[in-house]
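Listed below are the residues making up each chain.
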Amino acid sequence: MVTGDQSWADAVREATAREMGDAASQDAAPEASHPVRLSVQHLDLYYGDHQALKDVNIDIPDREVTSFIGPSGCGKSTLLRCLNRMNDLVKDCRIEGIITLDGEDIYQDYNVTSLRQQVGMVFQRPNPFPMSIFDNVAYGPRGLGIKSHSELEGIVEESLKRAALWDEVKDKLKSPGLGLSGGQQQRLCIARAIAVKPQVLLMDEPTSALDPISTQMVEQLCIELKKHYTLVVVTHNMQQASRISDTVAFFLLGELVEHAPTAQLFSAPRDQRTADYLTGRFG
Ligand SMILES: Nc1ncnc2c1ncn2[C@@H]1O[C@H](COP(=O)(O)OP(=O)(O)OP(=O)(O)O)[C@@H](O)[C@H]1O
Ligand SMILES: [Mg+2]
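Residues numbered from 1 in each chain as written. Chains lettered and ligands numbered in written order. Predicted model: local features only at pLDDT ≥ 70, side-chain atom pairs only at ≥ 80, totals over all residues. Heavy atoms only, no water.

Here we come to helix H4 (residues 133-143). Listed as buried for H4 are Ile-133, Phe-134, Asn-136, Val-137, Ala-138, Gly-140 and Pro-141. Tucked inside the fold, the buried residues of H4 contact helix H5 (149-162), helix H6 (166-169) and helix H7 (182-194). Positive backbone phi, at 100 degrees, marks Gly-145, one or two positions downstream of H4. (Buried < 20%, exposed > 50% of the residue type's maximum accessible area, 1.4 Å probe, protein only. Helix = DSSP H or I, 4+ residues; strand = E, 2+ residues; numbered from the N terminus. Contact = heavy atoms within 4.5 Å.)

Here it is, written out as structure tokens:
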């Protein structure tokens, strides 16, 4: 069971990294320059009779941006949702295989609440709660039992700074989150996600509802955030994947076709299907 004990978590992480080092070099996945944080092993996922993920194996390194690309319906969001057990409540959804976070099985060793504290999610459409900017960010920490106003103030400020929103909202923290622009709302949602001090941030097409300037800000933010967090980003935008990612995973019909360092995947893909997708032959 995972606790908030940082030194313990660090020890597990190091042990996992040692164990995973061998595994990572065995399959054709990119050499991880950082220890593996999340590991997906032989994952099959079925929605009723429909198999949406087929024997997916992927290691997600710590403090890097891993992007998922591929045509609509190939299973990107499905896999992302598995990483914090968002599929648990989906009727007729069945999962086989193993996903570990720092070596612990997320379906066996975690309860959903502790997992989601470690693995936060940012959605395609910004979805601030109908409450103030401050309360949006303080929501998670309050849920974890933090009551001290000064402590909450510190967390809210730090989270908004990390989300590159502080300067724009510091004088109106009591204003409604829904009163912000779309791009600001998305950064507010990122601040809300990081306020509970997660290890991993999952983002499903986080800029597809944003204008180009807000998109650029969120992309820049991803590059900043990876200093502190492991990021997994689903995107349909190849330029975005190439700008922000350390590694890119290409999916097709529920299969992980190829996972490689970004430059390699875009310039010299190993699989013909990846090359065909990148050159627009399908999808
Ligand atoms: N809740 C669900 N119930 C049944 N089938 C689903 C469900 N969610 C997704 N699917 C199916 O699983 C497959 C993968 O869907 P998913 O949403 O993961 O694709 P995606 O790669 O994220 O696509 P997009 O790029 O359009 O967002 C699709 O065939 C989809 O219809
Ligand atoms: Mg999707």
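The next point concerns the packing of aromatic side chains. According to the stated counting rule, one finds three aromatic pairs in the structure shown. The ring of Tyr-46 carries Arg-94 above its face, with NZ or CZ at 4.3 Å from the centroid. (Phe/Tyr/Trp six-rings, centres within 6.5 Å; stacked < 30°, edge-to-face > 60°. Lys NZ or Arg CZ within 6 Å of the ring centre and 35° of its normal.)

Lining the immediate environment of ligand 1, one finds 15 residues, of which Ser-72, Lys-76, Ser-77, Thr-78 and His-236 sit closest. Contact distances for ligand 1 include 2.8 Å between an oxygen atom and a backbone N or O atom of Gly-73. In the environment of ligand 1, an oxygen atom lies 2.8 Å from a nitrogen or oxygen atom belonging to the side chain of Ser-77. In isolation ligand 1 offers 630 Å² of accessible surface; the protein chains occlude 63% of this area. Counting only elements with at least two residues in the shell around ligand 1, the list comes to strand E2 (50-61) and helix H2 (76-83). In terms of residues, the shell around ligand 1 owes the most to one element, H2, which gives four residues. Residues belonging to the shell around ligand 1 are distributed by class as follows: five nonpolar, seven polar and three charged. (Near = heavy atom within 4 Å. Polar contact = N/O pair within 3.5 Å; in protein donor to acceptor, adjacent residues only side chain to side chain. Areas by Shrake-Rupley, 256 points an atom, 1.4 Å probe, with all protein chains shown as cover. Nonpolar A, V, L, I, M, F, W, Y, C, P; charged D, E, K, R; others polar.)

For Glu-205, the position within the fold is in the loop between strand E7 (200-204) and helix H8 (212-225). Salt bridges are absent for the buried Glu-205, whose nearest opposite-charge side chain, Lys-76, sits at 5.7 Å. Discounting chain neighbours no more than four positions away, the residues touching Glu-205 are Gln-124, Val-234 and His-236. (Lys, Arg positive; Asp, Glu negative; His and termini not counted. Salt bridge = Lys/Arg side-chain N within 4 Å of Asp/Glu carboxyl O.)

Further remarks concern the confidence of the model for the chain. Averaged over every residue, the pLDDT of the chain is 89; the share at 70 or more is 88%. Long-range and interchain partners of residues 1-28, a stretch whose pLDDT sits below 50, account for 30 contacts in this model, where long-range means more than four residues apart. (pLDDT = per-residue confidence, 0-100.)

Glancing now at the pattern of salt bridges. Under the definition given, this model contains 17 salt bridges. With a closest N to O distance of 3.8 Å, Lys-197 and Glu-158 form a salt bridge. You can see Lys-197 sitting in the loop between H7 and E7 and its partner Glu-158 sitting in helix H5, a full 39 residues away along the chain. When the shortest N-O distance is used, the salt bridge between Lys-170 and Asp-167 registers 3.7 Å. For Lys-170, a relative accessible area of 36% puts it in the partly exposed group. Residue Asp-167 is classed as exposed on the basis of its relative accessible area, which comes to 62%. Each of the salt bridges in this network shares a partner with another, and the network as a whole consists of Arg-37, Asp-62, Arg-63 and Asp-102.

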